[in-house]
Amino acid sequence: MCSSDLFVEARSQAWQESARCGQRAFLGDHYVRSLVAARRLVGEAAALNLSVDALSCTRDLEADAEVVLDCMAAGLSRVALLQDYGDCEINWDTHRNDPVQDTNFDAFFSRLDTILNMIAARTSASGAPLADELTVVVVSEMNRTPYLNYDGGREHWPYTSAMLIGSGVRGGQVIGQMDDGFIGQKIDLATGELDDGGDAITGAHLGATLLALGSVEAPDRFVGDVQPIEAALS
């Protein structure tokens, strides 16, 4: 056990003893569980392939996913973030010659299909199919303007979209849309239908929806009074 582990363990135990409720107790309990998980990861890492390969021109998304799914199947992780960097020398953040992005999309969805097949072939630590316990979220931090600029590309745009795949998701539907001015329209969170008196969807709504998928009751400081998009949940 390293000195930093000993420090975290002592600090968390002190916080738990000094307060049985509130933020300090919450953090103390969180640190203890995180430390236990970290020690378990170190103990079982030898049985996992944790090497991450890189292709000659881009990061290998499937290889990264292999590492993540091995950890999830072993019960060592519940959440992971993977980033797609685009195909070879074509990254996603371009502002000219927009048709080259077609190559990025074709390559990405091919990789996503491979990853979904990898998930389908795995069993979770509980013995159930991993696909029954895992939700895949595909999202970008921004979208692009509806119209091309003078260079045949698109600029940044404040409206984007997300795709949810897997356990707990009510699939086969599109929720929300833009109006004729390309502005996002409000929806009824329960039905997913357009509703002028409903909610304008924000990142907080997506966060609340993902927490609901994970059966996590989020403190108000994370999403405030924002509610999940119930129409997206099965």
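Residues numbered from 1 in each chain as written. Predicted model: local features only at pLDDT ≥ 70, side-chain atom pairs only at ≥ 80, totals over all residues. Heavy atoms only, no water.

1. A look at the overall build of the chain
And then number 1: Counting its regular elements, the chain contains six helices and four strands.
And then number 2: Helices and strands in the chain line up, N terminus first, as α-α-α-α-β-β-β-β-α-α.
And then number 3: Sorting the 234 residues of the chain into buried and exposed places 25% on the buried side.
And then number 4: Partitioning the contacts of the chain with sequence separation of at least 6, the portion at a separation of at least 24 is 49%. (Helix = DSSP H or I, 4+ residues; strand = E, 2+ residues; numbered from the N terminus. Buried < 20%, exposed > 50% of the residue type's maximum accessible area, 1.4 Å probe, protein only. Contact = heavy atoms within 4.5 Å.)

2. Some thoughts on unusual backbone geometry
And then number 1: Phi at phenylalanine 182 takes a positive value of approximately 65°, unusual for a residue other than glycine.
And then number 2: Its location among the elements puts phenylalanine 182 in the loop between β4 (162–166) and α5 (203–213).

3. Here we look at the confidence of the model for the chain
And then number 1: Mean pLDDT for the chain: 81, with 77% of residues reaching 70 or above.
And then number 2: Taking the mean pLDDT of every element in the chain, the minimum, 61, falls on helix α6 (residues 220–223) and the maximum, 94, on strand β1 (residues 135–139). (pLDDT = per-residue confidence, 0-100.)

4. Regarding helix α3 (residues 61–73)
And then number 1: Taking 1.5 Å of rise per residue, 13 residues should cover 18 Å, and α3 covers 18 Å from first to last C-alpha, within 8% of that figure.
And then number 2: Counting buried positions along α3 yields ten of 13 residues, so the element is predominantly enclosed.
And then number 3: Within α3 the residues assigned to the buried category are Leu61, Ala63, Asp64, Ala65, Val67, Val68, Leu69, Asp70, Cys71 and Met72.
And then number 4: Among the structural elements, α4 (101–120) are those in contact with the buried residues of α3.
And then number 5: Of the residues that open α3, the one with a side-chain oxygen 3.2 Å from the backbone nitrogen of glutamate 62 is aspartate 60.
And then number 6: With its phi angle positive at about 80°, glycine 75 sits one or two positions after the end of α3. (Expected span 1.5 Å × (residues − 1). Polar contact = N/O pair within 3.5 Å; in protein donor to acceptor, adjacent residues only side chain to side chain.)

5. Re the pattern of salt bridges
And then number 1: For the structure on display, the rule yields five salt bridges.
And then number 2: Arginine 122 serves as the salt-bridge partner of aspartate 70, at 3.0 Å between the closest nitrogen and oxygen. With aspartate 70 in helix α3 and arginine 122 in the loop between α4 and β1, this residue pair connects regions lying 52 residues apart in the sequence. Grouping residues by exposure puts aspartate 70 and arginine 122 together as buried. (Salt bridge = Lys/Arg side-chain N within 4 Å of Asp/Glu carboxyl O.)

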